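# Working through the structure, step by step
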Amino acid sequence: MFTKAIVRTPSQSLVKGITTASLGIPDYEKALLQHSDYISALKECGLEVTVLPADDNFPDSTFVEDVALMTPRCAIITNPGAPTRQLETISIRPTVNQFYNTVETIEPPGTVEAGDIMMVGDHYYIGLSERTNQNGADQMINLLEKHQLTGSVVTLSEVLHLKTGLGYLENNHLLACGEFLSKPEFQQYHLLEVPIEEAYAANSVWINGTVLTPKGFPKTLALIQALGYKTREVDVSEFQKIDGGLSCLSLRF
Ligand code: CIR
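Attention in this report is confined to the structure presented alongside it. (Residues numbered from 1 in each chain as written. Predicted model: local features only at pLDDT ≥ 70, side-chain atom pairs only at ≥ 80, totals over all residues. Heavy atoms only, no water.)

The immediate surroundings of the ligand are formed by 14 residues, with Ile18, Asp60, Asp66, Ile242 and Cys248 found nearest. Backbone polar atom of Ile18 to a nitrogen atom of the ligand: 2.8 Å apart, as the coordinates give it. His161 is positioned such that a nitrogen or oxygen atom in its side chain is 2.8 Å from an oxygen atom of the ligand. Because more than half of its atoms lie within 2 Å of the grid, the ligand is assigned to the second largest cavity. (Near = heavy atom within 4 Å. Polar contact = N/O pair within 3.5 Å; in protein donor to acceptor, adjacent residues only side chain to side chain. 1 Å grid on protein atoms, 1.4 Å probe; cavity = no way out; pocket = protein on both sides within 12 Å on 5 of 7 lines; lining within 4 Å. Sits in = over half its atoms within 2 Å of the grid points.)

All right, on to the sheet that holds strand β2 (residues 48-52) then. Spatial ordering of the open sheet is given by β2-β1-β15, a layout of three strands whose pairing is mixed. Because the sheet does not close on itself, it has two edges, and the strands there are β2 and β15 (251-252). Across five bridges, the pairing between strand β1 (residues 4-8) and β2 is parallel. Across the sheet, Ile6 pairs through a bridge with Thr50, a residue of β2. The sheet contacts of helix α1 (residues 28-44) involve β1, β2 and β15, and relative to β1 the element is tilted by about 175°. Lying over the sheet, helix α2 (residues 88-99) contacts β1, β2 and β15, oriented at roughly 165° with respect to β1. (Pairing = 2+ DSSP bridges. Helix = DSSP H or I, 4+ residues; strand = E, 2+ residues; numbered from the N terminus. Contact = heavy atoms within 4.5 Å. Axes fitted to C-alpha atoms, helices over the stretch in contact; angles between N-to-C directions.)

Now the structure itself:
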């Protein structure tokens, strides 16, 4: 169970966030409204939410998930692979320190963005991507093992982050899309195939029995509901325009 979440209000510079999508420029006012509804959804799942102020120096800083990994035993501040995001770690650290006695750090030349990390119980899958390198993944595995947790690497080539294409819904249920459907390491799970036209919805998030899903992906929603989960749709269209998904918008612990 999770009890807390950390989010950061989107900044006006959000419109300059890194993107590979061709969905247009985010509407800032709409993004603020959507972010506020996202916070409501987290609260509905029973989380106490810490809301950090917008930081206009960092267009992507609302995607707090990438700058820290919060485990039940320790927190690990990452070193983002995107050069414009590396200093986001400085402003998240004091907040992480408030909640954890043990805070570890990924050091250069290692890079890790925690959107590349998927937790399944005590095990953490770490995607090797354009943002997370082997050195960073090795450091992450060593730190996890230091705290009696385990990690393993997964290669990926089609998407930004590991969790862009995967969402673990607990109870052995794993949402997967594209290249992840055929990866040997995931065949042990009950794979729920997200249709390629709904690829964005693979990044749905289990929180205390409820699954948050992005609004507008009916096939994936039906797939999740058929398993008996309570669901809550959140419209995050403005974040999708800069490659951000539901999980990226919060640290949950
Ligand atoms: C970026 O490219 O870094 C942001 N525009 C999107 C980050 C999304 N984060 C995530 O998937 N965990």
